[in-house]
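Chain and residue survey
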Amino acid sequence: MTAPAQPVDLFDLVIFGGTGDLAVRKLLPALFHRYVDGQIQDGSRIIGVAREALDEDGYRNQIRSALSGAVISQPAKLDAFLKRVHYCSLDARKDEGWDDFASLLAKQPGHVRVFYLSTSPELFVDICQRLGHCGLNQDKSRVVLEKPIGKDLASANRINDDVGRVFDESQTFRIDHYLGKETVQNLLALRFGNALFEPLWNAGHIDHVQITVAETLGVERRGPYYDTAGALRDMVQNHMLQLLCMVAMEPPASLSPDSVRDEKLKVLHALKPIDGGNASQFTVRGQYRAGAAQGHSVPGYIEDLNADSKVKVEKSNTETFVALKAEIGNWRWSGVPFYLRTGKRLADRVSEIVVAFKPVPHSIFTAAAGPLAQNRLVLRLQPDEGVKLWLTIKHPGPGGLRLRHVPLDMSFAEAFGVQQPDAYERLLLDVVRGNPTLFMRRDEVEAAWRWADPILAAWMASGEAPRPYTAGTWGPSAAVALIERDGRTWDEDDE
Ligand code: NAP
């Protein structure tokens, strides 16, 4: 059973880039599910905006086919939902069309207004300036910025400054969809809703933390963008640092947005620098070569890149894999490594956080009982969101005392009998509610870039190419060496 859904206030949600991949594949299905659950009231409107010359029926037909999978069980709801969907054709960089767009919004002056910028970041400033000129920013207006926010601190500052000339920080929602995942929010519930963990949640009892975000896919259609970014900018600077913050932050005084975000910011400030002096020791970058994924042969990164680009390249220095060892210089975490790794075309699609506890100080068991394994708390973000706590128990039955390591296993889908909602479902309605707790504040984005920039600079200065790894593996062998040097291993299987 899930908690009953509460309807949100009437809103107009404008999706700039309403015909794009993110809008069609994620945002509109998320809104449809919330509509089916009764959280979106009739009267609210969803307005797609893009340059393509479509009329409203044309756009609704696109959405209808995009939702065909989602509506199998609720066909009657689809027509009602599509009545809430509108379309406006305009070019964010040109003046034409904005008057019609403003008139459309003016029909519902009392609605909460959400401007979701699901376009390339180069358009963020144009769109915000035009929204400002048209007087569309009202008290109940909010703007949502998709990642990436810049490619370094300087460019992030430029975007934030320009957006900030139109929208206050309190109206600006920088989305990181990882924060909308149930497991991530469950970290808050586990850490601060149970007396069990907090006394152990420190360097005295935790040996290390691992955060893995592994994908089996290659760069797919995003090649041209990805080649300008790489795994550190695309995954580590935002999603993975946010996860690290949720694990490492001090208990906030309350769940108020600024209490939580203040604590995350302190963690970012306490991250020890990785720069030219230690990047080769603490980081490994890789790039996939041809290999196999799920039983099929797949091309390497360069072939993937060239498949989708008019300009063909022979080589690229962009990393599709990063492993690194981060350290937090504060009382709670001194000496506890946080190993992060992420990559494309890896052996499995899995995102998880592993908190590995220290071994017992003294074993009373004989060698015949078998080895004592570390307790681990595993928070799985995908697939099968859930939590496992690995414990040592006695193997049942006579025949001597033999130890077994088994998980207390809670798959959310099994425990609650429902499929977990997509992260965007939660986050989109949080924007309408005006609750920014799960969104990044400007100073967090800046602090994350301040930590990431010297790593990027060190890689650039070294001139070294990313290490090759075969598609379908767990990345370059140097990533294994990174953790094994410390006498630890990546957590790759459940047993
Ligand atoms: P996309 O598929 O390329 O879509 C871009 C959208 O922007 C299209 O609707 C396009 O339609 C519209 N557009 C382009 N130029 C425009 C202009 N001058 N004026 C008005 N509309 C314009 O991109 P996407 O994959 O959806 O990604 C959108 C944003 O989300 C990007 O910042 C991306 O980094 C971020 N993001 C995407 C994903 C994902 O899974 N796709 C995940 C995380 C973050 P027209 O060409 O018809 O104008």
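This one's a predicted model, so the numbers in the text were calculated from it and none came from an experiment.

The secondary structure content of the protein chain amounts to 16 helices and 17 strands. Taking 23 Å as the expected radius of gyration for a compact globule of 495 residues, we find that the protein chain reaches 24 Å, a close match to that expectation. In the protein chain, which comprises 495 residues, the proportion classed as buried is 53%. A fraction of 77% describes how many contacts in the protein chain between residues 6 or more apart in sequence connect residues 24 or more apart. Carbon and sulfur atoms form 53% of the exposed surface of the protein chain, whose accessible area is close to 22,100 Å². Side chains of the protein chain give 57 positive and 64 negative charges; the mean places of these two sets differ by 2 Å.

Turning our attention to the site of the ligand. Near the ligand, the surroundings consist of 21 residues, among which Thr19, Asp21, Leu22, Arg25 and Arg51 are the closest. Considering the ligand on its own, with 880 Å² of exposed area, one finds that the protein chains cover 79% of that surface. Ranked by residue count, the leading element in the shell around the ligand is helix H1 (residues 21-36), at 3 residues. Taken together, the residues of the shell around the ligand break down into 7 nonpolar, 6 polar and 8 charged.

Our focus in this paragraph is the pairing of strand E12 (residues 338-343). In terms of residue burial, E12 counts as a mostly covered element, since 6 of its 6 residues are buried. Judged from the 6 bridges that link them, strand E7 (residues 206-214) and E12 form a sheet pairing that is parallel. In the strand pairing of E12, Thr212 is matched with Arg341. Sheet analysis places strand E11 (residues 321-326) next to E12, joined by 6 bridges and oriented antiparallel. Among the inter-strand pairings, Ala323 is bridged to a residue of E12, identified as Arg341.

For the rest of this paragraph, the subject is the nonpolar core. Counting residues in hydrophobic clusters, the biggest one holds 149 residues, and the most contacted among them are Phe16, Phe101, Phe115, Trp201, Phe338 and Ile353. Sequence-distant contacts of Phe16, that is, excluding residues within four places in its chain, are made with Val49, Leu90, Trp98, Phe101, Phe115, Tyr116, Leu117, Ser118, Thr119, Ile127 and Leu131.

This paragraph deals with the environment of Arg113. Relative to the helices and strands, Arg113 resides in strand E4 (residues 112-117). Note on Arg113: relative accessible area 3%, which makes it buried. Non-local contacts of Arg113, meaning those with residues more than four positions away in its chain, are made with Asp12, Leu105, Ala106, Leu136, Gln138, Lys140, Ser141 and Arg142.

What follows covers the packing of helix H9 (residues 231-248) against helix H15 (residues 442-462). Interhelical geometry of H9 versus H15 gives an angle of 140° and a closest axis separation of 10 Å. With respect to their mutual orientation, H9 and H15 come out oblique. With respect to the hand of their crossing, H9 and H15 are arranged in right-handed fashion. Across the interface between the two elements, Leu232, Arg233, Val236, Gln237, Leu241 and Gln242 from H9 touch Glu444, Val445, Ala448, Trp449, Trp451, Ala452, Ile455, Leu456 and Trp459 from H15. By residue class, the composition of the contact of H9 with H15 is 11 nonpolar, 2 polar and 2 charged.

So, on to the sheet that holds E11. The 9 strands lie next to each other as E16-E15-E14-E13-E7-E12-E11-E8-E17, forming an open sheet whose pairing is mixed. Taken across any chain shown, the strands that pair with only one partner, and hence form the sheet edges, are strand E16 (403-411) and strand E17 (467-470). Sheet twist, expressed as the mean angle between neighbouring strand axes with direction ignored, is 20°. When strand E14 (residues 376-382) meets strand E15 (residues 386-394), the two strands line up antiparallel, connected through 5 bridges. Bridge pairing links Arg380 to Gly386 in E15. On the sheet, H9 packs against E7, E11, E12, strand E13 (350-357) and E14 and is oriented at approximately 145° with respect to E12.

This brings us to the pattern of salt bridges. Overall, the coordinates contain 36 salt bridges when judged by the stated rule. A salt bridge links Asp491 to Arg376; the shortest N-O distance between them is 2.1 Å. Note that Asp491 is positioned in the segment after helix H16 (477-484) and Arg376 in strand E14, a separation of 115 residues in sequence. When its relative accessible area of 14% is taken as the criterion, Asp491 is described as buried. Given a relative accessible area of 11%, Arg376 falls into the buried group. Between Arg442 and Glu446 there is a salt bridge whose closest N-O contact spans 2.5 Å.

So, about the side chain of Glu444. Tracing the backbone shows Glu444 in helix H15. A relative accessible area of 0% places Glu444 in the buried class. Within the local environment of Glu444, its side chain forms a polar contact with the side chain of Lys264, the two groups lying 3.0 Å apart. Setting aside residues no more than four positions away along its own chain, Glu444 makes contact with Gln242, Arg261, Lys264, Leu265, Leu268 and Phe439.

The sheet built from 6 strands is open, its strands ordered E3-E2-E1-E4-E5-E6 with parallel pairing. The two strands at the open ends of the sheet, each matched to only one other strand, are strand E3 (85-89) and strand E6 (172-174). Ignoring which end each strand starts from, the neighbouring axes of this sheet average 20° apart. Bridge analysis of strand E1 (residues 11-16) against E4 gives 6 bridges, and the strand direction is parallel. Bridged to Asp12 within E4 is Arg113.

All right, on to the domain arrangement of the protein chain then. Taken as a whole, the protein chain is organised into domain 1 (11-146) and domain 2 (179-421 + 439-484). Summarising the inter-unit geometry, the C-alpha centres of domain 1 and domain 2 are found 34 Å apart.

The end-to-end C-alpha distance of helix H10 (residues 257-270) is 20 Å, a good match for the 20 Å that 14 residues give at a rise of 1.5 Å each. Looking only at H10, the buried set comprises Ser259, Val260, Arg261, Glu263, Lys264, Leu265, Val267, Leu268 and Ala270. At its buried positions, H10 is contacted by H9 and H15.

Right, let's get into a nonpolar patch on the surface. A contiguous nonpolar surface patch, about 460 Å² in accessible area, is contributed by Val360, Ile364, Phe365, Leu372 and Leu401. Topologically, Leu372 is positioned in the loop between E13 and E14.

The rules behind these values
Residues numbered from 1 in each chain as written. Predicted model: local features only at pLDDT ≥ 70, side-chain atom pairs only at ≥ 80, totals over all residues. Heavy atoms only, no water. Helix = DSSP H or I, 4+ residues; strand = E, 2+ residues; numbered from the N terminus. Rg over C-alpha atoms; globule rule 2.2 N^0.38 Å. Buried < 20%, exposed > 50% of the residue type's maximum accessible area, 1.4 Å probe, protein only. Contact = heavy atoms within 4.5 Å. Areas by Shrake-Rupley, 256 points an atom, 1.4 Å probe, with all protein chains shown as cover. Lys, Arg positive; Asp, Glu negative; His and termini not counted. Charge placed at Lys NZ, Arg CZ, Asp CG, Glu CD. Near = heavy atom within 4 Å. Nonpolar A, V, L, I, M, F, W, Y, C, P; charged D, E, K, R; others polar. Pairing = 2+ DSSP bridges. Core = buried A, V, L, I, M, F, W, Y, C linked by side-chain atoms within 4.5 Å. Axes fitted to C-alpha atoms, helices over the stretch in contact; angles between N-to-C directions. Parallel < 35°, antiparallel > 145°, perpendicular 65-115°, else oblique. Left-handed = near helix turned anticlockwise from the far one by under 90°. Salt bridge = Lys/Arg side-chain N within 4 Å of Asp/Glu carboxyl O. Polar contact = N/O pair within 3.5 Å; in protein donor to acceptor, adjacent residues only side chain to side chain. Domains from an automatic or database assignment. Expected span 1.5 Å × (residues − 1). Patch = residues over 30% accessible without salt bridge, like charges linked within 9 Å, V, L, I, M, F, W, Y side chains within 5 Å.

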